[in-house]
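Examining the three-dimensional arrangement
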Amino acid sequence: MRYTDNAGIERVAVKSLVSAGDAQLLAKPAVVLYHPKYRSRSDYVLLGFGQQPQRWFPVEFARRDSSTS
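Presented here is an overview of the structure given in this document. The residue numbering used here restarts from 1 in each chain and proceeds along that chain's sequence as written. This being a predicted model, a pLDDT of at least 70 is required before a residue's local features are given, and a value of 80 or more before pairs of side-chain atoms are given or counted; all residues contribute to the totals for chains, interfaces and linings. Only heavy atoms go into the side-chain values, all of them from the structure, while hydrogens and water stay out.

Starting at the N terminus, helices and strands are each numbered in turn, a helix being any DSSP run of H or I of at least four residues and a strand any DSSP run of E of at least two. Here Gln24 shows up in helix H1 (residues 22–26). With 25 residues separating them along the chain, Gln24 and Phe49 place their C-alpha atoms 9.7 Å apart.

This part covers a nonpolar patch on the surface. Exposure above 30% relative accessible area and the lack of any salt bridge qualify a residue for a patch; like charges then connect within 9 Å, and the nonpolar side chains Val, Leu, Ile, Met, Phe, Trp and Tyr within 5 Å. To measure how exposed things are, a 1.4 Å probe is used in the Shrake-Rupley method; for residues, cover is taken only from the protein chains shown. Whenever Lys or Arg places a side-chain nitrogen within 4 Å of a carboxyl oxygen from Asp or Glu, that contact is recorded as a salt bridge. A surface patch of nonpolar side chains, amounting to about 240 Å² of accessible area, comprises Leu33, Leu46 and Trp56. Looking at the secondary structure, you find Trp56 in strand S5 (residues 56–61). We classify Trp56 as partly exposed; its relative accessible area is 32%. Only protein chains enter the accessibility calculation, which uses a 1.4 Å probe. A residue is then buried if its area is under 20% of the maximum for its type, exposed if over 50%, and partly exposed in between.

So, in structure tokens, the structure goes:
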């Protein structure tokens, strides 16, 4: 999931739990929740799918390629 936080920084978050139903989830809109004070810490980010997510997943930030930093 690629999103821009409230400081204007683009982040790439990866759903850390993989399951058989992930393909169906990816067809739905995603919702990213994060704590603005800790936006650079993946342990303060949750990812949900659908208009009103019923389940939230922890994420890991994807590593940035050093050639694009």
